[in-house]
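Examining the three-dimensional arrangement
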Amino acid sequence: MKEYDLMVIGAGPGGYRAASYAAAKGLKVVIFEASQLGGTCLNEGCIPTKCYARNAEVMSLMKEAEAFGISNNGFDFHLEIAKSRKDEVLQQLRSGIETLLPHPNITLVRAEARFLDAHTVEACPIGCDSVTPSLDSYTAPSIIIATGSIPKKLHLEAPADGLFLDSRDLLQLNRQPQSLCIIGAGVIGMEFASIFNAFGTQITVVEFLKECLPALDSDIAKRLRKVLEKRGVTFHLQSAVTGIKSEEGAKIVTFTDKKGREQTVEAEQVLMAVGRAPRIFNHFQNAGFDYDARTGIKVDDHFETTVKGIYAIGDCNGRQMLAHAAEWQAKTVVDRIANPHLLSEDLEKDTIAIPAAIFTAPEAACVGKSEDQLKQEDIAYECRKAFYRANGKALAMNETEGMVKLLSKPDAGRIVGCHAYGAHAADLVQEVTALMSCNTTVAQLRDIVHIHPTLSEILLAAAEA
Ligand code: FAD
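Now for a description of the structure that goes with this document. Just so you know, these numbers come straight off a predicted model, no measurement behind them.

Basis of the calculations
- Residues numbered from 1 in each chain as written.
- Predicted model: local features only at pLDDT ≥ 70, side-chain atom pairs only at ≥ 80, totals over all residues.
- Heavy atoms only, no water.
- Helix = DSSP H or I, 4+ residues; strand = E, 2+ residues; numbered from the N terminus.
- Rg over C-alpha atoms; globule rule 2.2 N^0.38 Å.
- Buried < 20%, exposed > 50% of the residue type's maximum accessible area, 1.4 Å probe, protein only.
- Contact = heavy atoms within 4.5 Å.
- Polar contact = N/O pair within 3.5 Å; in protein donor to acceptor, adjacent residues only side chain to side chain.
- Pairing = 2+ DSSP bridges.
- Axes fitted to C-alpha atoms, helices over the stretch in contact; angles between N-to-C directions.
- Near = heavy atom within 4 Å.
- Areas by Shrake-Rupley, 256 points an atom, 1.4 Å probe, with all protein chains shown as cover.
- Nonpolar A, V, L, I, M, F, W, Y, C, P; charged D, E, K, R; others polar.
- Disulfide = S-S within 2.5 Å.
- Expected span 1.5 Å × (residues − 1).

Some points on the overall build of the protein
Scanning the protein from N- to C-terminus turns up 15 helices and 25 strands. A globule of 465 residues ought to have a C-alpha radius of gyration of about 23 Å, and the protein, at 24 Å, matches this closely. Projected onto the principal axes, the alpha-carbon positions of the protein cover approximately 70 × 65 × 45 Å. For the protein, the proportion of its 465 residues judged to be buried stands at 51%.

Put into structure tokens, the structure is as follows:
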């Protein structure tokens, strides 16, 4: 039995951040990875989608070149070349992690980790089944589970496996589909709708809810949907998909629309983007902590499971399925493991604001509460808005579509949220995240000098509104 201070299961953003941070603090760490280093984020999530989002941005700029006085006699797009560029970026970043992990305090085990009991994990060869003998067993007083998540799929009346793609499959296509039906208008569905629309694919989105992007302020979500509609994306909202079948090489998606009528969409490819489920395993039972296939591993506010010394971070605890949330949770847990004598209060911050972004064109981003939430929770607030079309830099960039909504306590008080869409909205929201982490008020924001001309002046304009 090999002994360590800390075992980490999974080398995605949560796991590798936990391992490297713990090693730097002097802990002896073993980290298990059953697939590629970097997890979902690097290999099939954040980074590959943002490579394609950049392709989409370049194409959109080329389409509007004439507005800048540049003659454009047309261009061709080759998905297979965009895919090679994306794969090179992923390889480069994976090599970066490979050089980060070989720390004297870190042992990387390329195997699937399985719990034997609450403090023992066995390493099994990748792709092993329940009868395959294990390679070795490991023990540690502290364990961090960072096993991530997997794509969800709808349970349809007739089995449809093989008739749709998930986000991983779509990123592997070498040939651009003529048409794509996207089931689900959440973050993943909307990013792919924006990207493939720019590539020239005919996009139809079928969404069960009343509006796209339910986590975003509904005002902003609606405006963003309208931008995509203007670009030719068709949305069917309040529509429930009932089946997918194949007919003469095409896929037919059947759904019930908001008036209860049965409708169909024909497309070359179908993307199932109905969310992600925490990745859990049957062997978790051997460790004895509580978990649920739908909601993930149950954790307290310190990300500790119902078994002392076992923590679950990132997508597998189902809290916030974002790479930077996984990294923040990793740091929080390692601080706790490395300093067991610190009081909870010393590790807690009541001002943690976790921002999120949707990399459509234009981008959307948010931090803190939305106006809808403030209304629902009956919290007194002030809402200030500013628009991209009134900002000098946005006009110079020809990026006039967008809005920033700044939410605060009354009398220009503490900022409690910011929701925005428009060029570089994620960067604007990042500034608000920093301000919220320091409990800044709108009145104080008005006194912060912003570089002219920048998009960040839109934030200042919102504060002054
Ligand atoms: P993961 O990254 O999923 O890593 C888990 C790792 O654990 C995997 O490598 C897996 O092989 C390994 N593993 C699992 N079980 C075992 C085991 N038993 N033994 C050994 N290894 C195991 N987030 C953002 O913040 N920004 C974005 O722009 C963004 N875009 C996204 C786009 C798409 C299409 C998708 C699908 C996701 C996106 N995300 C984005 C979400 C982000 O990828 C996840 O939130 C993040 O990867 C979660 O990190 P994690 O460490 O919890 O898990």
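Here we look at the environment of Asp 117
Following the sequence through the fold, Asp 117 ends up in strand β5 (residues 112-117). On the accessibility criterion, Asp 117 (34% relative accessible area) is partly exposed. Between the C-alpha atom of Asp 117 and that of Thr 139, which follows or precedes it by 22 residues, the distance is 9.7 Å. The contact partners of Asp 117, leaving out residues within four places of it in the chain, are Asn 286 and Ala 287. A polar side-chain atom of Asp 117 sits 2.8 Å from the main-chain amide nitrogen of His 119. A distance of 2.8 Å separates polar atoms of two side chains, one belonging to Asp 117 and the other to Thr 120.

A word on the sheet that holds strand β25 (residues 415-421)
If you walk across this open sheet you meet the 5 strands as β21-β22-β25-β24-β23, and the pairing is antiparallel. With one partner strand each, in any of the chains shown, β21 (356-358) and β23 (382-387) form the two edges of the open sheet. Neighbour-to-neighbour, the strand axes of this sheet turn through a mean angle of 15 degrees, independent of strand direction. Note: strand β24 (residues 403-408) against β25, 6 bridges, orientation antiparallel. Counted as the bridge partner of Ser 408 is Ile 415 from β25. Those strands touched by helix α7 (residues 218-230) are β22 (364-368), β23, β24 and β25, and its axis lies near 10 degrees from that of β25.

Some details on the site of the ligand
Close to the ligand lie 39 residues; Glu 33, Thr 40, Lys 50, Asp 315 and Ala 323 are nearest. The contact in question runs from an oxygen atom of the ligand to an N or O atom on the side chain of Glu 33, over 2.6 Å. Contact between the ligand and Lys 50: an oxygen atom at 2.8 Å from a side-chain N or O atom of the residue. Burial of the ligand by the protein amounts to 94% of the accessible area it has alone, namely 1000 Å². Contributing elements (two or more residues each) for the shell around the ligand: α1 (13-24), α2 (39-44), α3 (46-63), β5 and α9 (323-338). When residues in the shell around the ligand are grouped by element, the largest group, 4 residues, is from α2. Along the lines of polarity and charge, the residues of the shell around the ligand split into 17 nonpolar, 15 polar and 7 charged.

What to know about the state of the cysteines
Under the criterion given, the structure shown has 1 disulfide. For Cys 438, which is in no disulfide, the shortest distance to another cysteine sulfur is to Cys 418 and amounts to 15 Å.

Thoughts on the pairing of strand β7 (residues 136-139)
Relative to β7, strand β1 (residues 2-3) runs parallel, the two being bridged by 2 bridges. In the sheet register, Glu 3 faces β7, and the bridge partner there is Thr 139. For strand β6 (residues 120-124) and β7, the ladder comprises 4 bridges, and the chain directions are antiparallel. Along β7, the bridge assignment pairs Ala 123 with Asp 136.

So, α9
In a regular helix each residue adds 1.5 Å, so 16 residues correspond to 22 Å; α9 covers 23 Å between its end C-alpha atoms and thus fits that length. For α9, the complete set of buried residues consists of Ala 323, Ala 325, Ala 326, Gln 329, Ala 330, Thr 332, Val 333, Val 334, Asp 335 and Ile 337.

Purely geometric numbers; function is a separate question.
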